[in-house]
Each structure stands twice: as structure tokens, then as C-alpha cells.
Amino acid sequence: MRRRQELLLGALGVLLALGLCEAVGRAGLVRRSYLPPASEVLSRAVELAGDRLFLEGVGATVRAWALGLGLACAIAVPLGLLLGSVPLVDDAVRAIVEFLRPLPSVALIPLVSLLLGSGTETKVALITYASVWPILFNTVYGLGETDPLAKDTLRAFGFGRLSVLLRVELPATAPFIAAGLRISAAIALILAVATEILAGFGEGLGIFIAQAGMATDGTRDVLAGVVWAGGLGLLINTVLVWGERRLFPWTPEHRSQG
Amino acid sequence: MSRSKAATATRGAILRWTVLAATVTAWQLATRTHASVYFPPPSEIARHTHNLWFSGPPAHAFLTPAATENILPSLARMTAGFALAAAIGIALGTALGRSRRAHALCNPVLQFARAVPPPALVPVFVVVLDFGTRMQVASIVFSAVWPVLINTAEGVRNTDPLRLEVAAVLRLTRTRRLLLLLLPSALPRIFAGLRLSLSLSLVLMVFSELLPGTANGIGFTLTDAQSRSDLLTVWAALVLLGALGYVLNTGLLAVEKRLLGRGRPA
């Protein structure tokens with residue numbers, strides 16, 4: 001199938017899905033205030049693009065997201081390089097990591113809110129914690145996959161440990177780090193929205209959704225907010241996938257992505 | 001060679017547990033010397049966890065009423081949500097994976113649905129289904145279904161064409177082709193999707209219970225303890241959830257190993 005045909009079919013699929021939502025909304029299967037038709041939701045979503053207060057909220061969410069993800073990178077990449085290149089350290093902290101990782105990070109929201117209040121610090125701390133893991137594990141994994149021949153060659157030429165790390169291992173690991181970053185980006189958005197919804201006040205996309213959810217007949221606004229959240233997630237993912245393809249064109253197609 | 005490998009592994013394990021024990025001891029000492037309301041000593045968290053949930057009569061498998069009222073409903077909702085998501089995801093994913101046309105038709109919608117951060121939709125489910133188990137299961141299913149669906153479709157789509165031709169030559173029926181060829185070859189991808197779905201189910205289970213208006217569950221225990229500033233219970237619930245996540249993930253990995261076999265090429 002050619003690319004154009006695929007795009008056409010995809011567009012048709014989107015139209016069909018919208019049509020279905022429209023029909024369900026209008027058919028009166030559920031109360032209209034519960035599930036408004038797609039056209040109303042979309043026009044509200046477009047309308048929100050002109051709402052300065054709403055855009056400021058989205059900006060606050062994106063800032064917390066970027067800050068948390070940046071911090072996670074700054075922590076996870078050096079830590080991953082350390083764990084991946086010194087087996088002793090890896091062995092030493094393995095058990096601790098295995099106990100920390102499976103804890104669902106939204107469960108930390110109550111504790112961190114008690115410790116830090118419900119402002120930006122809480123959001124950023126939670127986002128950072130949750131997005132550290134995929135980057136960390138991908139870095140360690142990528143280091144393990146580095147071509148041993150290249151490392152040995154450099155060592156034979158008398159390059160030191162750090163030099164080998166910077167010249168061979170880090171570039172070879174970069175695609176894995178990027179893949180981890182892409183997974184973390186989605187998790188970071190989940191945590192940003194989840195924390196905001198539970199906090200219920202302040203500013204942010206999640207706050208908008210939470211407050212609309214409590215208002216009567218607010219579903220239209222909630223869904224319009226969801227459209228924005230989905231659009232944001234899609235935009236982030238597309239940019240990251242595009243960046244990965246440009247930077248690391250030799251890596252195989254992205255597999256089993258979350 | 002193998003002996004030295006075994007020795008390295010043993011040394012690694014010893015190191016691992018020693019460091020863990022040392023960390024917990026250091027935590028214990030630090031919290032004992034600098035008493036803080038927010039960070040209770042681990043020994044007290046352990047005692048509290050035991051008292052709160054696991055000190056019941058042997059007839060109830062040592063579970064206290066608090067445990068049966070909160071842990072079991074959480075587990076039930078999560079299991080139901082995850083099972084539904086897995087069943088729907090595998091069924092729809094297989095259907096989509098078998099036709100390139102259907103895949104192209106649905107791909108943009110699927111990508112959008114997956115990009116929505118699941119907690120954003122929970123308020124919609126609250127309005128439509130009201131608080132309670134139905135809303136919670138629905139939000140778990142909606143968030144956990146996408147990774148399985150997309151991975152299954154990819155897996156089925158990438159079945160070796162040669163094997164498909166062989167199946168055509170052998171005139172395998174649709175069901176047999178599905179059971180003997182398509183699903184087994186998609187299985188590694190399906191499991192990768194299931195692992196993601198499982199952790200999403202746990203996340204959404206907790207999140208949907210954290211919302212005001214919930215009456216029971218581990219998440220409810222957390223918010224309830226938070227509102228009473230009962231830090232010991234908050235920590236106990238965190239330990240419980242961590243253990244739960246560990247057990248679930250290990251269990252799924254064991255099933256995966258069983259079904260895929262060790263060292264079989266994916």
C-alpha cells in the first residue's frame with residue numbers, strides 16, 4: 001500500500017470516529033450533558049485556543065513537564081552510565097532499585113503533597129521521580145549493547161576509561177537514551193496531569209479538567225481539555241520520534257513502544 | 001570459567017542484599033536520631049503494616065477487616081480492568097493486524113487515543129458512570145487497552161510471510177492459522193504490551209481511588225490517611241503498593257518465560 005493511500009485511509013478513519021462520536025452524542029443514548037457530540041467538543045477545544053487563561057494553564061503544565069523531564073535526564077543519564085560501566089555499583093544498588101521501581105508513582109502524590117504542599121515543586125518532584133526509571137534502565141541497557149571490539153580497539157591505542165566512555169560508549173548508547181526519554185516523556189505528562197487533577201487548584205491543564213469535571217454540564221469542557229491533552233501528548237511523541245529518526249537513522253524501527 | 005561466574009554471581013547477590021540491609025539500617029538510625037513526623041522509622045512502618053492489615057485471625061488468612069475492605073476491592077478492580085483490557089486489546093489487535101487496510105484506517109485514531117494521558121479522562125468517567133467500581137474499571141480498561149492493542153496488531157502484522165505462505169499451502173483453517181501461527185509469532189510483542197498495561201492498570205487503580213468520593217481501596221486508604229496526617233499509614237500503603245507492583249510484574253514475567261520458553265528467538 002502506498003503512503004498516500006495510507007494517509008487517506010487514516011483520514012477516513014478519523015472522520016469515521018468523529019462521526020461515530022457525533023452520532024452517539026446526538027442519539028440520546030446517554031444524557032447530552034454527559035456525552036456531548038464531537039462537533040461541540042471540538043469547537044470548544046478550538047475556542048479554548050483563544051482563551052488566555054487556559055493557555056497560561058497549559059503553559060504551566062508544559063513547564064512542569066519540561067522541568068521534571070530535564071531533571072530526570074540530568075539524574076538518570078550520569079547514574080545510568082555509572083551503573084552500566086561499574087558492575088560493582090550496579091550490583092550494590094540493584095536491590096534498592098528493584099524495590100523502588102514497581103511502586104506506582106501516582107501513589108506518591110499524597111505523601112509528596114504532605115511534604116512539599118501542592119505547588120509546582122510537588123509536580124516537578126513527582127514527574128522527575130517517575131521519568132527517571134525508563135531513562136536510567138535504557139542507559140544501562142544501551143551500555144551493555146556497546147560493541148566490545150570498538151572499546152578494545154580504543155583501549156589498545158591507549159585511551160583511558162573516561163575517553164572510551166565519551167568516544168564510544170556514550171554515542172553508542174545515545175539511541176537507547178533517546179528511546180527511554182520518549183517513554184519518560186509520556187509518563188511525565190501522565191504525572192503532570194494526574195497531580196494537577198488531584199490537587200484541584202492552582203493553574204494547569206489538569207486543573208482545568210478537574211474543575212470542569214466538578215461543574216454541572218462540564219463534560220464538554222472536560223472533553224475539550226482531554227482533546228488538548230491528547231494533542232499535547234501526540235505532539236511531544238511526534239517531535240521525539242522525528243528527532244530520533246534524524247539523529248539516529250541507523251537504529252531499527254522503534255519496537256514495542258509504550 | 002563457570003565456577004568463577006557462579007562466584008561472581010554469589011558475590012553480587014551478597015553485595016546487593018548487604019547494601020539493601022545497610023540502607024534500611026541507616027534509614028532506621030537516621031529517623032531514630034532525627035525524629036520527624038514525615039519520615040517514621042522503617043521498623044515502625046513494618047509494625048504498622050502488620051497491625052493494620054496482616055494481624056487478623058488465621059481463618060481469614062491473617063487479613064484484618066481493614067485489609068479485606070480495602071486491599072481486596074482494589075485487587076478485584078485491577079484484575080477485572082487488566083483482564084478486560086488484555087482480552088479486548090488482543091482481540092481487536094489481532095483483527096487490525098491481519099488487514100493492512102484496517103490498520104491504516106485506525107492508526108491515527110489509535111495514536112491519538114494512546115497519547116491522551118489516562119488520568120485526564122477519569123473525570124469524564126466520573127460524570128458518566130458516577131463514583132464506584134464501574135467508573136474505576138472503565139478508566140483502567142481505557143488506559144491499559146492501548147499498549148496491548150497496538151503491540152498485538154504490530155506483532156500479527158509482522159508475521160513471517162514465508163510461514164503465512166506455508167500455512168496457505170497446508171490449507172490451514174482460519175482458526176488454526178490464528179492459533180498455530182499468528183498468535184504465537186505475535187506473543188513476544190503481546191507480552192511487551194501486557195507488561196506496560198499491567199503497570200498502567202496499577203497506576204489507574206490507585207489514581208481512580210485517590211479521587212474524592214471513593215469509599216474504599218488502597219488509594220482511598222492513602223488519601224484518608226493523608227487528610228488525617230497519619231503518615232504511618234501513608235508509608236504502609238506505599239510499601240504495600242510497591243510490594244504489589246513487584247509481585248504482579250514478577251508473576252507476569254514468569255508466565256511469559258513459561259509461554260515463550262527460554263532463549264527462543266522472538
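Being a predicted model, the structure only gives us computed values, none of them experimental.

1. What about the packing of aromatic side chains?
For the structure on display, the rule yields ten aromatic pairs over all chains. Ring centres 5.7 Å apart and planes at 85° place the aromatic pair Tyr-129 of chain A and Trp-133 of chain A in the edge-to-face group. Taken as a pair, Tyr-129 of chain A and Trp-133 of chain A lie in helix H6 (residues 120-144) at a separation of four residues, close to a single helical turn. Their ring planes at 80° and their centres at 5.3 Å tell us that Phe-142 of chain B and Trp-146 of chain B sit as a pair that is edge-to-face. You can see Phe-142 of chain B and its partner Trp-146 of chain B sitting in helix H6 (residues 133-157), four residues apart, about one turn around the helix. Overall, Trp-146 of chain B belongs to the buried group, its relative accessible area being 14%. Grouping aromatic residues by their ring pairs yields a cluster made of Phe-54, Phe-208 and Trp-228 of chain A. Taking NZ or CZ as reference, Arg-101 of chain A lies 4.3 Å from the ring centre of Phe-137 of chain A, over its face.

2. Considering the interface of chain A and chain B
Contacts between chain A and chain B engage 53 residues on the former and 51 residues on the latter. Of the roughly 4,700 Å² buried between chain A and chain B, counting both surfaces, carbon and sulfur atoms make up 80%. At the boundary of chain A and chain B, one finds two salt bridges. Here Arg-16 of chain B and Asp-91 of chain A are joined by a salt bridge, their closest N and O atoms 3.0 Å apart. Our count for the chain A to chain B interface comes out at two residue pairs in polar contact (both at pLDDT 80 or more). Of all the elements in the fold, those that place two or more residues in the side of chain A that touches chain B are helix H1 (3-27), helix H4 (87-100), helix H5 (108-116), helix H8 (161-199), helix H9 (205-214) and helix H10 (219-247) of chain A. When residues in the side of chain A that touches chain B are grouped by element, the largest group, eleven residues, is from H10 of chain A. Classifying every residue of the side of chain A that touches chain B gives 36 nonpolar, twelve polar and five charged.

3. Describing unusual backbone geometry
All names here are of chain B. Look at Arg-171: it is not a glycine, yet its phi comes out positive at around 55°. Of note, Arg-171 is situated in the loop between helix H7 (161-169) and helix H8 (174-210). With phi around 50°, Ser-229 is a residue other than glycine that occupies positive phi space. Its place among the elements puts Ser-229 in the loop between helix H9 (218-227) and helix H10 (231-260).

Cut-off values and rules
Residue numbers restart at each chain and count upward from 1, following the sequence in its written direction. For this description, chains carry letters from A and ligands carry numbers from 1, given in the order in which they are written. Selection of residues for local features in this predicted model requires a pLDDT of at least 70, selection of side-chain atom pairs for listing and counting requires 80 or more, and totals for whole chains, interfaces and linings are taken over all residues. Side-chain measures were taken over the full set of non-hydrogen atoms in the model, leaving aside hydrogen atoms and water. Think of it this way: a Phe, Tyr or Trp ring, Trp meaning its six-membered ring, pairs with another when their centres are within 6.5 Å, and the plane angle makes it stacked under 30 degrees, edge-to-face over 60, tilted otherwise. A run of H or I in DSSP becomes a helix once it reaches four residues, and a run of E becomes a strand once it reaches two; helices and strands are each numbered from the N terminus. We call a residue buried when its accessible area falls under 20% of the maximum for its residue type, exposed when it is over 50%, and partly exposed in between, using a 1.4 Å probe and counting protein chains only. Note on geometry: a ring has a charge over it if NZ (lysine) or CZ (arginine) is within 6 Å of the ring centre and within 35 degrees of the ring normal. Contact between two residues is taken to exist if any of their heavy atoms lie within 4.5 Å; hydrogens are not considered. As a working definition, buried area equals the accessible area (1.4 Å probe) given up by two parts on being put together, with both sides summed. Every case where a carboxyl oxygen of Asp or Glu lies within 4 Å of a side-chain nitrogen of Lys or Arg is listed as a salt bridge. Counting of polar contacts relies on pairs of N or O atoms within 3.5 Å, with two restrictions inside protein: one atom must be capable of donating a hydrogen and the other of accepting it, and residues adjacent in sequence are counted only when both atoms are side-chain atoms. Classification used: nonpolar for Ala, Val, Leu, Ile, Met, Phe, Trp, Tyr, Cys and Pro, charged for Asp, Glu, Lys and Arg, polar for all others including Gly.

Interpretation in functional terms is not warranted from these geometric data alone.
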